[in-house]
Amino acid sequence: MNHGTFKFFVNVLITGLILQASFAFGARYELTRNSVQDPESIDAVEVSLYQVKLGDPEATAVELLLEEKIAGIRAEQEGTFILLWDKSKPTGAMAGVRIVDGKVDLIFMNDRFSHKVRGIFRTVLTSKTAQEIRELLGNEDFKNETLMGAKLLYEEKGFLVNFLDSSVNVEFCLGCSDLYNSF
């Protein structure tokens, strides 16, 4: 084997190892397409809402959520948020993203979005108790429970589940101190 062939082989091997390592930390989870069920494989870095991921530039979010036509959904931009509404039941935004400093820093969804989401979060959004959510996702890193409901923070995975009576919402965010400051 000559030096050039050896160098090529080493580069291919290293690239393969890097790709495997990135997949080991979290499965790609398109909320409306993939049926990821294993809570251990969920990582906010790999979560996307209609192909929009945390850290994407504002232009990408606008193009994919506002300019693309998504069946059954009306999208609109209000301040720093791009909100998604169910056309058949427009009682409130059911999902969306927040844009800060030109990048997506938050993806959120609530129980009105449960008919669109796939995988474990469909069950989370239809849960009737905080304990049901814990049984699905495991124990949270930080707990904030009151008589009214619970905030279950999975900080290592980058998401927060808010449970209030029978209303559930999930927020994916990396390093959002505004989500974590109430703990």
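Look a little higher up for the structure.
All values derive from a computational prediction rather than experimental measurement.

A.B. asks: When you look at the overall build of the protein chain in this model, what are you seeing that I'm missing?
C.D. replies: Secondary structure summary: the protein chain contains five helices and eleven strands in total. For the protein chain, the proportion of its 183 residues judged to be buried stands at 42%. For the protein chain, the share of sequence-separated contacts (at least 6 apart) that also reach a separation of at least 24 residues comes to 40%. Of the roughly 10,200 Å² of accessible surface on the protein chain, a fraction of 55% belongs to carbon and sulfur atoms.

A.B. asks: Is there a simple way to explain the pattern of salt bridges in this structure?
C.D. replies: When the charged atoms of two side chains with opposite charge come close together, those side chains can pair. One pass over the structure, following the stated rule, counts four salt bridges. Between E46 and K53 there is a salt bridge, with its nearest N and O atoms 3.9 Å apart. Notably, a salt bridge pairs E140 with R134, separated by 2.9 Å at the nearest N-O pair. Judged by its relative accessible area of 10%, E140 is buried. For R134, a relative accessible area of 9% translates into the label buried.

A.B. asks: Just to check I follow, could you spell out the sheet that holds strand 7 (residues 103–110) for this structure?
C.D. replies: Sheet strands pair by backbone hydrogen bonding; their relative direction is either parallel or antiparallel. Ordered by their spatial adjacency, eight strands build an open sheet running 4-5-6-7-11-10-9-8, and the pairing between neighbours is antiparallel. Of all the strands in the sheet, the pair left with one neighbour each is strand 4 (73–78) and strand 8 (142–145). Within this sheet the neighbouring strands show an average axis-to-axis angle of 15°, counted without direction. The strands touched by helix 2 (residues 58–67) within the sheet are strand 4, strand 5 (81–86), strand 6 (95–100) and strand 7, with strand 4 carrying the most contacts at an inclination of about 150°. Strands strand 8, strand 9 (149–154), strand 10 (159–164) and strand 11 (167–172) of the sheet are contacted by helix 4 (residues 130–137), whose axis makes an angle of about 15° with strand 9.

A.B. asks: Quick question: what am I supposed to make of the side chain of S127 here?
C.D. replies: Along the chain, S127 falls in the loop between helix 3 (120–125) and helix 4. One polar contact links the side chain of S127 to the main-chain carbonyl oxygen of T123, over a distance of 2.9 Å. Residues within four places of S127 in sequence aside, it is in contact with E132, I133, L136, F163 and V168.

The rules behind each value
- Residues numbered from 1 in each chain as written.
- Predicted model: local features only at pLDDT ≥ 70, side-chain atom pairs only at ≥ 80, totals over all residues.
- Heavy atoms only, no water.
- Helix = DSSP H or I, 4+ residues; strand = E, 2+ residues; numbered from the N terminus.
- Buried < 20%, exposed > 50% of the residue type's maximum accessible area, 1.4 Å probe, protein only.
- Contact = heavy atoms within 4.5 Å.
- Areas by Shrake-Rupley, 256 points an atom, 1.4 Å probe, with all protein chains shown as cover.
- Salt bridge = Lys/Arg side-chain N within 4 Å of Asp/Glu carboxyl O.
- Pairing = 2+ DSSP bridges.
- Axes fitted to C-alpha atoms, helices over the stretch in contact; angles between N-to-C directions.
- Polar contact = N/O pair within 3.5 Å; in protein donor to acceptor, adjacent residues only side chain to side chain.

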